[in-house]
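# Understanding the architecture of this molecule
The primary structure of each chain is shown beneath.
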Amino acid sequence: MIALLWAVLVLGVSCNESGPSDPHLKECKVDTDCPSLHVCHSILNLCEHKPVFPLQSSEIYGSLLVIIVAGLANAGGLGGGAILTPILMIFFGYSASASVMLSYILVFGGSLGNFFLTGLSKDPETGRRVVNYDLAMLCLPLLLMGTLIGVKINRALPELSLIHI
């Protein structure tokens, strides 16, 4: 249930996200000039992603798939971002860069849920925390460095290369 609410919140906040690298950002006069899951902005005359509601059938299937994939990935200890990105592109019509950003948000939500479930619990035999925070503090600087490098690469590379990496 929490995963469903998080998915709807993420997709709702970013439903009109269009940027200069968005391939669907093109001139239009009516909604039929825009690709699927996009509408024509009446003032700017540019295609933008449609609002979340009303949901179309592909978005319902995509939501169910996101919940299943994210749940399985979190149960296995992985984020699942590499699988969520193509799902967001295929079922929701987002560009590659927007899909990558949304998958980061979905992975963060799953990680936050996992932290509240396991990060604060203690081992009943030893009384120590289940998570080894000393090891986490050792890995965190490298993780943040990789994140910074990934963001720079995401901004520098064209969208087609992001899909193939």
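Residues numbered from 1 in each chain as written. Predicted model: local features only at pLDDT ≥ 70, side-chain atom pairs only at ≥ 80, totals over all residues. Heavy atoms only, no water.

## A few points about the state of the cysteines
Evaluated as defined, the whole model comprises two disulfides. Paired through a disulfide, cysteine 28 and cysteine 40 show a sulfur-sulfur distance of 2.2 Å. Disulfide cysteine 28-cysteine 40: torsion about the S-S bond near 95°, hence right-handed. With a gap of 12 residues between them, cysteine 28 in the loop between helix 1 (2-13) and strand 1 (38-40) and cysteine 40 in strand 1 connect regions that are remote in the sequence. Cysteine 40 matches cysteine 28 in its accessibility class, with the two residues each being buried. (Disulfide = S-S within 2.5 Å. Helix = DSSP H or I, 4+ residues; strand = E, 2+ residues; numbered from the N terminus. Buried < 20%, exposed > 50% of the residue type's maximum accessible area, 1.4 Å probe, protein only.)

## Let's talk about the confidence of the model for the protein
Looking at the protein, the pLDDT average stands at 82 and 82% of residues meet or exceed 70. Contacts from residues 11-21, a stretch scored under 50 in pLDDT, to residues over four places away or in other chains number 28 contacts. (pLDDT = per-residue confidence, 0-100. Contact = heavy atoms within 4.5 Å.)

## Focus: the environment of leucine 78
By the secondary structure assignment, leucine 78 is in the loop between helix 2 (57-75) and helix 3 (81-92). Each C-alpha atom, one on leucine 78 and one on glycine 110, is 9.6 Å from the other, the two residues being 32 residues apart in sequence.

## Notes on the environment of leucine 46
Looking at the secondary structure, you find leucine 46 in the loop between strand 1 and strand 2 (47-49). Along the primary structure leucine 46 and lysine 29 are separated by 17 residues, whereas in three dimensions their C-alpha atoms are 8.0 Å apart. With near-sequence residues (within four places) excluded, leucine 46 lies in contact with Leu25, Lys26, Glu27, Cys28, Val39, Cys40 and His41.

## Structural notes on the side chain of asparagine 74
By the secondary structure assignment, asparagine 74 is in helix 2. Taking the relative accessible area as the measure of exposure, asparagine 74 reaches 19% and is therefore buried. With sequence-adjacent residues up to four places away left out, asparagine 74 is seen in contact with Gly110, Ser111 and Asn114.

## Brief notes about the environment of glycine 81
Tracing the backbone through its elements, the reader meets glycine 81 in helix 3. On a C-alpha basis, the gap between glycine 81 and serine 99 in space is 9.4 Å, while along the polypeptide they are 18 residues apart. Apart from the residues lying within four places of it in its own chain, the contact partners of glycine 81 are Ser103 and Val107.

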